[in-house]
Amino acid sequence: MAEAAAFQGTGRSPARRWLRRTLTVAVGAPLLAGLLQNPSASAQAAEEGPVSRTVDVSIDTLAPSAPVEGDTVTVTGTLTNRGKRAITDATVNLRVGPRMESRSEIDQVARRKGFRSDSDPRPLDAVPEIDIPRLDVGVSRDFRISVPVSKLDLDDEGGVYQLGVSLTGQTSDQQYDRVLGIERTFLPYQPEPTDKRTQVTYLWPLMSSAHISADTASDDQQTPVFQDDDLAEELRPGGRLDELVTLGQGLPVTWVIDPDLLASVDAMANGYRVKDGTGHTAGTEANRKLAERWLGMLEKAVQGRKVVALPFADPDLASLAHRGKTVPGSLQHLQSATQLAGPTVETILHVQPATDFAWPVEGAVDPSIMAVATSAGARKVIARSDSIQDDDLPYTPTAARPLGGGTTAVVSDAELSTAFQGDMVRAETSTLAVQEFLAQTLAITLEQPQDQRSVVVAPQRRPSVAQAQAMASAVRGLGAKRWTQPLDLVAAAAAKPDPDASTTVPRASQYPKKLRDSELPVQAFRDMKTTRDELDDFKVILTDATRVVPPVGNAINREMSASWRGRAREAAIYRVEVEDVLQRLTKGVLLVDKSDLTLSGRSATIPVTVQNKLLQDVEGLVLRLTSSNGTRLKVDGETSAELPITVRAGHSQSVKFPASANANGQVSMTAQLYTVDGTPYGSPMTFSVKVSEMTPTVMLVIAGGVLLLVLAGVRMYSQRKRLAARAAETEAEADPEAGPEADPEPDPEAGGGTESVKVPVPASEADARQESPAGEALATPGPANDRSGADTAGGTEHPSDPDTDTGPESGDPSGPSEKVDR
């Protein structure tokens, strides 16, 4: 029960404490005498080193973080025995003081680890100590100490005080009281508002990495295709971006926003697709509603607050200055990103942002970075005090530093800006960071309480959930406005500068090596140039360039983002994927491969086909066909010829070039597409043309015709021979001595007298009688000559046919004026 009571802030009776301390002195007196005789041991007592870190003392909460008179300060935490022996007869004490006079003193205390008897204050007698009879190895115990501010011995004028919690106890090998563990933090105490309060500008960054690819769906809405669905995880309740908006609502901060993040969330809210292997699938309705909800929350949160829009996709200014300037056209990416920033934020959030700010990574600058930052229109560059340093000043000057030429460096405070980096998941780490932040701001005000100054805090670009929670706690801790007052970034940049503050931009050699090593390589900017050049050549042939230029152009801007720092492999993969998307589109307009051709005769047309696989018409293309041997084969009378071409979406178009041949042989032809400005488009296509006056097919046809003529002549010759033979036979039969056709003598017995008898002749035979070439009559064929009937039936002779004699045929070639129909 005594132990339980101790954890509620009550202690043992004064008599028992007096008895235990008396015994401790008695036992420790000989040891003290030995230390006095050993100077080195005395020095060791000042810093007890590992002994004073046997117990890990954790301060998990301190409330209120900045107390005033009448408050009760409550400290909670955990004690953990990290040693090798159990601890007995231990007490937990609260130590407060002394008042700190400078920021450097705060830094020294924050870095201190072990107990120092020469600088750490004594335990407060007015605060009851907590007794812990035993703390075994590896065991943790919670503690809670509550004490009124009136018992903390704080000065009435206020200031920053060291507050420590220590554990004093014994171990089995060293049975005397000594400090075995201590943890320190800071207690800012300002009971009354100061006359001149420091103006504090806290930047609240809303940024993420690149999520949208260069690809879009083929629908009319051009639904964007996301690389992954990680953005949805940040938008979920409790996610990083959700916490930033939730925590930032109502805080007096300046919202610094990457327009690409807004564009990505807006695209998700209106329907999106996610890459899935070689294709992509529709995003879920639940994620779409998450994006819609987040945008609604953000729009409400920024109302009445100052919003600063960085260039689209937050380009890495240092990488561009140190690596990108060597690649022609790289600065154009920054200009396009800057021009896109304002309209994007205004369209989505319906607020007018400031767009003339540039923010190099970690505020590190040099002359080349300043030149690049201002080249796109930025007139205010957010730097940091560990880059533009004020080593000779004993106080913290105002952030605004005019550099000449209309450029202002807004120098954020390095200690305040880095206060919440690292792991803030542990309650102890977060609490200590918040208390140190508040202490530093109060110390800044007390450095020159008669002068009002302006301080800017520029934290890490993408704080985690725990870091954002710690940041919000720190800003809320300043809410009482007893030594600070809020100021937006635009006003801070316009504040009256301190004439003694440094305006010297460090040399390039002073740029931190760690940051230089993480910059984008030169090859990254070469890849961007290649993609940009291909896009410029491609867009001039499109009838609707808005389907291609915005998604690919924005993806090129994302390739230059500062979010790729420390992610070189992912950055290279993203660049390759953007290039692949564009090449897939450009290759949608191509020349169809041709097989080799044979040209017969001296003139012909050569067709070349252009295919358009895109979803829109293409125009402004010129097709050029070039002959490798203009002497042998000309195109439209020249070595090369060009024809304009327009191809409808999803169609092919053939273009015919007139060609003329002067000599036989093989000629290589090259077809190449060009844009109207003469830039080659796509890869050339080559094929061969064999020039020949007569092709083998034509020769075969002619040979066949000659053969038919020869066969016809042979047939006609055979018929004539048969006709001649028949004529001779007829002549022989018509001889008066033996011919049956002669008039018979009168037969007196027949009584015919001189009367002649006519034998009737069939009409067919009569018709068949013709005169021979010698004027002789042809005899009517008898039964032995039936072979001639077959000839007649075969169509070679017919009663209506003209004379078969067509004259003798000549075998001589045709004359020069004769035409042969082929």
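Only a predicted model underlies this, so the values are computations on that prediction, with no experimental measurement involved.

## Topic: the nonpolar core
General note: in soluble globular proteins, nonpolar side chains tend to be found buried as a group. Ranked by internal contacts, the top residues of the largest apolar core, which has 74 residues, are V589, L623, L625, L633, M669 and L673. Membership of the second largest hydrophobic core comes to 68 residues, among which are Y202, A269, W294 and A439.

## Re the sheet that holds strand β12 (residues 273-276)
With mixed pairing, four strands are arranged side by side in an open sheet as β9-β10-β12-β13. On the outer flanks of this sheet lie β9 (212-216) and β13 (279-282), each paired with one strand and no other. Here the average twist between neighbouring strands, direction ignored, is 45°. Pairing analysis gives two bridges linking β9 to strand β10 (residues 224-226), with the strands arranged antiparallel.

## Let's talk about the packing of aromatic side chains
In the structure shown here, the tally under the stated rule is six aromatic pairs. Look at W564 and Y574: their rings are 5.5 Å apart centre to centre, the planes differ by 40°, and that puts the pair in the tilted class. Taken together, the residues W564 in the loop between α18 (549-558) and α19 (568-586) and Y574 in helix α19 connect sequence positions 10 residues apart. An aromatic cluster is built from Y202, W204, F420 and F437, whose rings are joined through pairwise contacts. A cation sits over an aromatic face here: R178 above Y176, 5.2 Å from the ring centre. For K594, the ring lying beneath its charged end belongs to F687, and the centroid distance is 5.7 Å.

## Some thoughts on the side chain of T441
As for its position among the elements, T441 is in helix α13 (residues 427-447). Note on T441: relative accessible area 2%, which makes it buried. For T441, the side chain forms a polar contact with the main-chain oxygen of L438, separated by 2.7 Å. Setting aside residues up to four positions removed in sequence, T441 forms contacts with L416, L478, W483 and T484.

## A closer look at unusual backbone geometry
Residue A63 is joined to P64 through a cis peptide bond whose omega torsion reads -10°. Relative to the assigned elements, P64 resides in the loop between β1 (55-63) and β2 (72-81). Of note, the amide linkage connecting G97 to P98 takes the cis form, showing an omega dihedral of -5°. Looking at the element boundaries, P98 is found in strand β3 (residues 87-100). Phi at H350 takes a positive value of approximately 60°, unusual for a residue other than glycine. On the secondary structure map, H350 appears in the loop between α10 (330-349) and β15 (357-358). The exposure class of H350 is exposed, given its relative accessible area of 54%. One non-glycine residue, D636, lies in positive phi territory at about 55°. When you line up the elements, D636 lands in the loop between β25 (633-635) and β26 (640-647).

## Things to note about the sheet that holds strand β17 (residues 400-404)
As summarised here, the arrangement of the four strands in space is β15-β16-β18-β17, forming an open sheet in which the pairing is mixed. Across the chains shown, the open sheet's two edge strands, defined by having one partner strand only, are β15 and β17. Where β17 and strand β18 (residues 407-412) come together, four bridges link them in antiparallel fashion. Bridging across to β18, A400 finds its partner in V410. Contacts from helix α11 (residues 367-375) reach β15, β16 (380-384), β17 and β18, with the element oriented near 150° to β16.

Rules used in this analysis
- Numbering of residues begins from 1 in every chain and follows the order in which that chain's sequence is written.
- In keeping with the predicted nature of the model, local features appear solely for residues at pLDDT of at least 70, side-chain atom pairs appear and are counted solely at 80 or more, and the whole-chain, interface and lining totals rest on all residues.
- Think of the side-chain values as coming from all heavy atoms in the structure, minus any hydrogens and water.
- We define the nonpolar core as a collection of buried residues of types Ala, Val, Leu, Ile, Met, Phe, Trp, Tyr and Cys that are connected through side-chain atoms lying within 4.5 Å of one another.
- The cut-offs for exposure are 20% and 50% of the maximum accessible area for each residue type, with area from a 1.4 Å probe on protein chains only; residues under the lower value are buried, those over the upper are exposed, and the others partly exposed.
- Two strands are counted as paired when DSSP detects at least two bridges linking them.
- Secondary structure elements are defined from DSSP: runs of H or I of at least 4 residues count as helices, runs of E of at least 2 residues count as strands, and each element is numbered from the N terminus.
- Fitted lines through C-alpha atoms serve as axes, helices being fitted only where they are in contact, and the angles separating the N-to-C directions of these axes extend from 0 to 180 degrees.
- Only rings of Phe, Tyr and Trp enter the pairing, Trp through its six-membered ring, and a pair is recorded when the two centres are within 6.5 Å. The plane angle decides the type: under 30 degrees is stacked, over 60 is edge-to-face, the rest tilted.
- Sitting over a ring, as applied to charges here, requires NZ of Lys or CZ of Arg to be within 6 Å of the ring centre and within 35 degrees of the ring normal.
- For the purposes of these results, a polar contact is taken to be a pair of N or O atoms within 3.5 Å, where, inside protein, one atom must be able to donate a hydrogen and its partner to accept one; residues adjacent in sequence count only when each atom of the pair is a side-chain atom.
- Should any heavy atoms of two residues lie within 4.5 Å, those residues are considered in contact.

So yeah, pure geometry; function would need other evidence.
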